[in-house]
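For reference, the chains in residue letters:
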Amino acid sequence: MNADTQQRILDAVDAGFDAQLATTKEFVAIPSTRGAEGPCQDMIGDLLRARGYEVDDWHINVDDLKDLRGFGPIEHDFSRARTVVGTYRPPTDGGKSLILQGHCDVVPTGPLDMWETPPFSPTIKDGRMYGRGACDMKSGTIGALYALDAIKAAGFRPTGRIHFQSVIEEESTGVGALSTLQRGYRADACFIPEPTDGKMIRSQVGVIWFRLKVRGFPVHVFEAGAGSNAIMAAYHLIHALEKLEAEWNERAKADRHFKDVAHPINFNPGIIKGGDWASSVPAWCDVDCRIAVLPG
Ligand SMILES: [Zn+2]
């Protein structure tokens, strides 16, 4: 791309930036936690249609996906799960094709009293927007949409096919992205505007979610030594998993993409539940965990 072309596009980005911010705010204001992404998908569909893209908006049928490589089991109500793709077809198909993909699901807010401003009332302060999902990754998704607008506003028309894909379930199973592959969407390249510290990255770790289910031997606390405490046992297992995490990070030092990344493998015990009574040796403890894995 020559400097003049680049400048014209950058100027168009600047010219559209207020509108881009307003759209981002509107998008972040939608509380699209897992299972509640519908209104976000509605909004993306409307934005794509208003711009003249060919819109494919479909309900994800788990049965179509469950035998595919990379499928993660769905245990919650999935009856309203959708994927939305907007396609741009060039007048003459000569250039390389591109997928731009964003996920609209966001992780839970956590304790509301720890937010300075409400998580779904996006607020701009000191040049940053605060709100659940503003960073990961609604600003990226809307940024990609407005980047395409800027190219058009600058008077250019891409010569390759472009699919703009809005998916769900990125924070969990990845089934939303999988649904686009099942539907047949392919391109020469895929760009995902996730917040990766402003850098382009070409490799990403995978994630395993798993649950430790520990069973103890319940006794009254006055004879605790005769029982087996499931919470304490889970605590030992968590420590063992921390050692595994350290071992896998050692192994990552030999990986061609991750050898220069500090601590790429992260283990997180995210939810812990166990026991029924403060004076009973707990008979059970469940710990939901997440650990990363290197590609391959
Ligand atoms: Zn993300």
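The model shown is predicted, which means the values in this text are computed figures rather than measured ones. (Residues numbered from 1 in each chain as written. Predicted model: local features only at pLDDT ≥ 70, side-chain atom pairs only at ≥ 80, totals over all residues. Heavy atoms only, no water.)

## A closer look at the overall build of the protein chain
A tally of regular secondary structure across the protein chain gives 7 helices and 10 strands. Considering only C-alpha atoms, the protein chain reaches an extent of 80 × 45 × 45 Å along its principal axes. Taking all 296 residues of the protein chain together, the buried fraction comes to 36%. Carbon and sulfur atoms make up 55% of the accessible area of the protein chain, which totals about 17500 Å². Counting 32 positive and 39 negative side-chain charges, the protein chain places the averaged centre of each group 4 Å from the other. (Helix = DSSP H or I, 4+ residues; strand = E, 2+ residues; numbered from the N terminus. Buried < 20%, exposed > 50% of the residue type's maximum accessible area, 1.4 Å probe, protein only. Areas by Shrake-Rupley, 256 points an atom, 1.4 Å probe, with all protein chains shown as cover. Lys, Arg positive; Asp, Glu negative; His and termini not counted. Charge placed at Lys NZ, Arg CZ, Asp CG, Glu CD.)

## Brief notes about the nonpolar core
Ranked by internal contacts, the top residues of the largest apolar core, which has 27 residues, are F27, I44, L48, I60, F78 and F164. Elements that contribute at least two residues to this core include exactly α3 (38–50), β2 (82–88), α5 (134–153), β6 (162–167) and α6 (175–183). When sequence neighbours within four positions are dropped, the list of residues in contact with F78 reads H59, I60, V62, I168, E169 and V175. Counting 15 residues, the second-largest nonpolar core is a separate cluster that includes V214, A234, V287 and I291. (Core = buried A, V, L, I, M, F, W, Y, C linked by side-chain atoms within 4.5 Å. Contact = heavy atoms within 4.5 Å.)

## Comments concerning the sheet that holds strand β8 (residues 206–215)
The antiparallel open sheet is built from 3 strands, whose spatial order is β8-β10-β9. Taken across any chain shown, the strands that pair with only one partner, and hence form the sheet edges, are β8 and β9 (267–274). Neighbour to neighbour, the strand axes of the sheet diverge by 15° on average, direction disregarded. Sheet analysis places β9 next to strand β10 (residues 284–293), joined by 7 bridges and oriented antiparallel. Within β10, the position partnered with K273 by the bridge is D286. Along the sheet face, helix α7 (residues 230–252) touches β8, β9 and β10 and points at about 10° away from the line of β10. (Pairing = 2+ DSSP bridges. Axes fitted to C-alpha atoms, helices over the stretch in contact; angles between N-to-C directions.)

## Side note on the coordination of the zinc ion
Bound to the zinc ion are the protein donor atoms H103 (NE2), D136 (OD), E194 (OE) and E194 (OE), situated 1.8 to 2.4 Å from the metal. Each of the 4 donor atoms around the zinc ion contributes to a set of angles spanning 57 to 135°, which defines the coordination as irregular. Classification of D136 as partly exposed rests on a relative accessible area of 27%. (Donors = N, O, S within 2.8 Å, 3.2 Å for Na, K, Ca; no water. Tetrahedral: all angles 85-135°; square planar, octahedral: opposite > 155°, others 65-115°.)

## Here's the deal with the packing of helix α1 (residues 3–15) against α5
Taken N-terminus to C-terminus, the directions of α1 and α5 make an angle of 120°; their axes are 8 Å apart at the nearest point. The orientation of α1 with respect to α5, classified from their angle, is oblique. Handedness of the α1/α5 crossing: right-handed. Of the residues in α5, those in contact with I9, A12 and V13 of α1 are A150, I151 and A153. (Parallel < 35°, antiparallel > 145°, perpendicular 65-115°, else oblique. Left-handed = near helix turned anticlockwise from the far one by under 90°.)

## As for the pattern of salt bridges
Evaluation of the coordinates by the stated rule reveals 14 salt bridges. In this structure, the salt-bridge partner of D42 is R82, at a minimum N-O distance of 2.9 Å. Remark: R82 occurs in strand β2 and D42 occurs in helix α3; sequence separation between them is 40 residues. Relative accessible area serves as the criterion here: at 18%, R82 is assigned to the buried category. In this structure, D197 engages K199 in a salt bridge whose closest nitrogen and oxygen atoms are separated by 3.3 Å. (Salt bridge = Lys/Arg side-chain N within 4 Å of Asp/Glu carboxyl O.)

## Focus on the pairing of strand β3 (residues 98–103)
Burial analysis of β3 places 5 of its 6 residues in the buried class, the great majority of the element. Across 6 bridges, β3 lies against β6 in parallel orientation. Looking across to β6, one finds that G102 is bridged to S166. With 3 bridges connecting them, β3 and strand β7 (residues 189–191) associate as parallel partners. Bridge pairing in β7 places L100 opposite F191.

## Observations regarding helix α2 (residues 17–28)
Its 12 residues place the ends of α2 16 Å apart at the C-alpha level, agreeing with the 16 Å of an ideal helix rising 1.5 Å per residue. Buried residues of α2: Q20, T23, T24, F27 and V28, and no others. Buried residues in α2, looked at end-on, bunch into an arc of 135°, giving them a common side. Seen from the open side of α2, the exposed residues pointing more than 90 degrees away from its buried face are D18 and E26. Next to the buried residues of α2 lie α3, β5 (128–130) and α5. (Expected span 1.5 Å × (residues − 1). Arc of directions from axis to C-beta.)

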